[in-house]
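Each chain, written out:
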Amino acid sequence: MCLAVPGKIIDKQDMLATVDISGVQRKVSLMLLPEAKLGEFVLIHAGFAVQTIDEEEVKKTMELFKELEQYADK
Amino acid sequence: MSVARIQMAHGSGGKVSHDLVKNIIWPAFANDILGEMHDGAQFVIGGARLAFSTDSYVVKPLFFPGGDIGKLAVCGTVNDVAMNGAVPLYLSVGFVIEEGFSIEDLKRILASMQEAAAEAGVYIVTGDTKVVEKGAVDGIFINTAGIGKIIDGITINGKNAKPGQDIILNGYLGDHALAVMSERHGLELPQSVKSDCAPLGDLVASLLAAVPSIAVLRDPTRGGLATTLNEIALQSEVGIIIEEKDIPVSLAVQAACDILGFDPLYLANEGKLLVFVDKEYTPQVLKIMKAHKYGREARVIGTVSHAPCGQVGLRTGIGGIRLLDMLMGDQLPRIC
Amino acid sequence: MLTNEEVKKAADFFVREIVSLAGQKPIRIMEVCGTHTVAIFKAGIRQLLPTTVELVSGPGCPVCVTPNDFLDAAIAYSKQPEIIITTFGDMLKVPGSSSSLAQEKAAGADIRIVYSPLESLEIATKNPHKKVIFLAVGFETTAPLAAATVLMAEKEQISNFYVLSAHKLVPPALRVLLAAGNRPVDGFLLPGHVSAIIGMKPYDFLAKEFATPAVVAGFEPLDILQSIYLLLKQIQRKEPKLDNQYGRVVPVVGNPIACQRLNEVYQVADAQWRGIGILKDSGLALREKYRAFDALKNLPVTVEPTKEHKGCQCGQVLTGALLPTECPLFGEICKPEHPVGSCMVSVEGTCAAWYKYGAGRWQG
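Keep in mind the model is a prediction, meaning the values are calculated, not measured.

Cut-offs applied
- Residues numbered from 1 in each chain as written.
- Chains lettered and ligands numbered in written order.
- Predicted model: local features only at pLDDT ≥ 70, side-chain atom pairs only at ≥ 80, totals over all residues.
- Heavy atoms only, no water.
- Helix = DSSP H or I, 4+ residues; strand = E, 2+ residues; numbered from the N terminus.
- Rg over C-alpha atoms; globule rule 2.2 N^0.38 Å.
- Buried < 20%, exposed > 50% of the residue type's maximum accessible area, 1.4 Å probe, protein only.
- Contact = heavy atoms within 4.5 Å.
- Buried area = accessible area lost by both parts, 1.4 Å probe.
- Salt bridge = Lys/Arg side-chain N within 4 Å of Asp/Glu carboxyl O.
- Polar contact = N/O pair within 3.5 Å; in protein donor to acceptor, adjacent residues only side chain to side chain.
- Nonpolar A, V, L, I, M, F, W, Y, C, P; charged D, E, K, R; others polar.
- Disulfide = S-S within 2.5 Å.
- Pairing = 2+ DSSP bridges.
- Axes fitted to C-alpha atoms, helices over the stretch in contact; angles between N-to-C directions.

For chain B, the helix and strand inventory stands at nine helices and 14 strands. Its C-alpha atoms give chain B a radius of gyration of 19 Å, near enough to 20 Å, the size a compact globule of 336 residues would have. Principal axes of the C-alpha set define a box for chain B whose edges measure 55 × 55 × 45 Å. Relative to its 336 residues, chain B shows a buried fraction of 57%. At a minimum sequence separation of 6, the contacts of chain B that also span at least 24 residues come to 83%.

So this is what it looks like as structure tokens:
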């Protein structure tokens, strides 16, 4: 019940946004995420943006995965 | 099969399609040539070894990025013939056109067909045109049948895969399927995603001239790479393992699949081919492919093993192996 | 973005740690969400885990738990000539008591697959003389979308749009699972996208009331491996808590606006879970205020008496009491091409996933 993908908002017209997902573009509704801003990354599920993606956290996660040996069992 | 009516899944190229053909259609015509279960029929007439194949094209939309129904109708059948290790020579074409269809569109399609035929080096030598009432078909349906001469000394057969062989693919997967369905699903694809529809006869001829011992050739069309590999694994009674990290799928195609819940390994391609060949010839095959316009992204994607018999496994990016089954019905967009 | 090598290296790290944390005692981890079931199979995770760590699927497959009578009603509606049914692709092939939407479509019913529920409104507007019924299934990730669609229909005064609802909630199901206690679960992999909506608080009771470790998990192979690793750490330290592995998507508060929209249109109600039975306060029903959009309350329909196939063990499988391979019907009588129960027909149904991705069939 959870198929969702991250995408970047490249256009916003009131409650309708255009998102870019690795080059693929789609219109999604912002009815559930009205505060979403142009340029933000959001999680998209069945044509709706449902959550903002924290880019800082993305960076941290990627760093963590790359440097796992350092973070080994604290 | 217990269903009483044809469903869309029967046309998807997956297991349900296979069952329809195997259990209902083939038995009606049973004969040895049909029994070979290859992409086309192979037979001998007056000493000449020939390959013969047919396909019908009902794609919607008619015009899509990278091609149209006409180009598809020529390339599809040319490729089917070529996959028999044959040089495609002549095509027939049958049109079933809906009343009210635009003559301009028809001309566009015909021009496309001729362009593809010229590139493929084939002649469209006979045909038929039928017109039906509005609503009886959706725009236009095209059937093409093709005949070609099997190259001397070549025996390509789905039963020839053997343990130890490499499996080589000539390029990116899923572009055709996405180019065709993007409009339907409200996706706007980047310019780079176009149908890969292309005539592969020339590439096949070059490969066979240099490496006549190529065992299997097949184009992963409907049902995708996964289904085609399963068919070969079953026919040859071998196991196949492919490496996820080596399978070429563009970012955009992967993204579209992620959005809709599709798996690129099951999407149709119209300009791709698989080569099964003994490892010692792999460098040569790759060299020829990469030098060819339709093989620049060629690479080895897997190998043939003894076991598990008739099964295809995918080694994933994290090192696990999962069963890669045949397409069951058709892929539907999902939210789960 | 990570390179293939980086992914493999990270995966190897997690697997090594999981192996060292696992020990001799068998551990059962329930991955609640159908999307996790599929992701785990697609990544080939089970093979990499030690045999003492068992991943069982839970009831988080909305298609699997949608009751038969819901489908039968949808099928009955689809036979009425002035009705257009809109549905997510997931529901199309699910068998009801005697038919399926796919079969009805083949027989001429106007059944259309939509990617977004909003497409139903477009269809309703384009077909003013027909009635459009949207099949609203899904958990908390999807329910707010149906709610938003109803609100938009109200705003645009679309009067030929209706909803046939079977939404369910995850936390109440987990509570029932733990309270029943037949085969204890040592930890939960929680659905990351449901959590993106409801946040973390609704899962507090897992650790607080049932001392059960839980991790809110993402869906990439590394997310899942890391989540299993975090769960095993909790289990080893005997410190059950609620961890968030998916911080980049899940804030503690979830999405309050989505929850608000959901609450405006829907209220909590008892719900029937196919194969399991009625669970108290585990589902959603349209509020009285939005009665006009409720298909069953406005559009007459005669639904055939519900029949469930005898011997179907979906309920046991959905609650983790049985592995799919332990169901006597699995793989023989019940296969994807002729499914007996809903676990086998949904693409992410536990049994379908087990069958398709080879648990028990890959011998290599």
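From this point on, the discussion continues.
Moving on, we get to the interface of chain B and chain A. Buried accessible area, meaning the area lost when the parts come together, often serves as the stated size of an interface. Counting from both sides, the interface comprises 17 residues of chain B and, opposite them, 12 residues of chain A. A combined buried area of about 1100 Å² lies between chain B and chain A, and 68% of that area is made up of carbon and sulfur atoms. Per-residue buried area on chain B facing chain A is highest for Glu188(B), Ile259(B) and Ile335(B); these three make up 42% of the total on that side. The tally of links between chain B and chain A comes to zero salt bridges. Viewed at the interface, chain A and chain B are joined by three residue pairs in polar contact (both at pLDDT 80 or more). A breakdown of the residues in the side of chain B that touches chain A according to their chemical character gives 11 nonpolar, three polar and three charged.

Overall, the coordinates contain one disulfide over all chains when judged by the stated rule. Just so you know, Cys336(B) is unpaired, no disulfide at all, and the nearest cysteine sulfur is the one on Cys61(C), 6.2 Å from it. With a relative accessible area of 1%, Cys336(B) lands in the buried category.

This paragraph deals with the sheet that holds strand 7 (residues 187-191) of chain C. All names here are of chain C. With parallel pairing, the five strands of this open sheet are ordered in space as 2-1-7-8-9. Of all strands in the sheet, those with a lone pairing partner are strand 2 (53-60) and strand 9 (242-244), marking the two edges. Pairs of neighbouring strands in the sheet enclose a mean axial angle of 25 degrees, with direction left out of account. Relative to strand 8 (residues 214-217), strand 7 is paired through four bridges, and the arrangement is parallel. What sits directly across from leucine 189, in strand 8, is valine 215. Of the strands in this sheet, strand 1 (27-33), strand 2, strand 7 and strand 8 touch helix 2 (residues 34-43), which is tilted by about 120 degrees from strand 1.

All names here are of chain C. As judged from the seven bridges shared by strand 10 (residues 266-273) and strand 11 (residues 277-286), these two strands associate in the antiparallel manner. Paired with valine 268 across the two strands is leucine 284, which belongs to strand 11. Between strand 10 and strand 11, which pair antiparallel and follow one another directly, the connecting turn spans three residues, one of which, glycine 275, has a positive phi of 85 degrees.

The next point concerns unusual backbone geometry. Of note, the bond from Lys60(B) into Pro61(B) is cis; its omega dihedral lies within 30 degrees of zero at 5 degrees. For Pro61(B), the location among the structural elements is in the loop between strand 2 (48-57) and strand 3 (63-64). Notably, Ala46(A) is not glycine yet its phi reads approximately 45 degrees, a positive angle. Within the secondary structure, Ala46(A) sits in the loop between strand 4 (41-45) and strand 5 (48-52).

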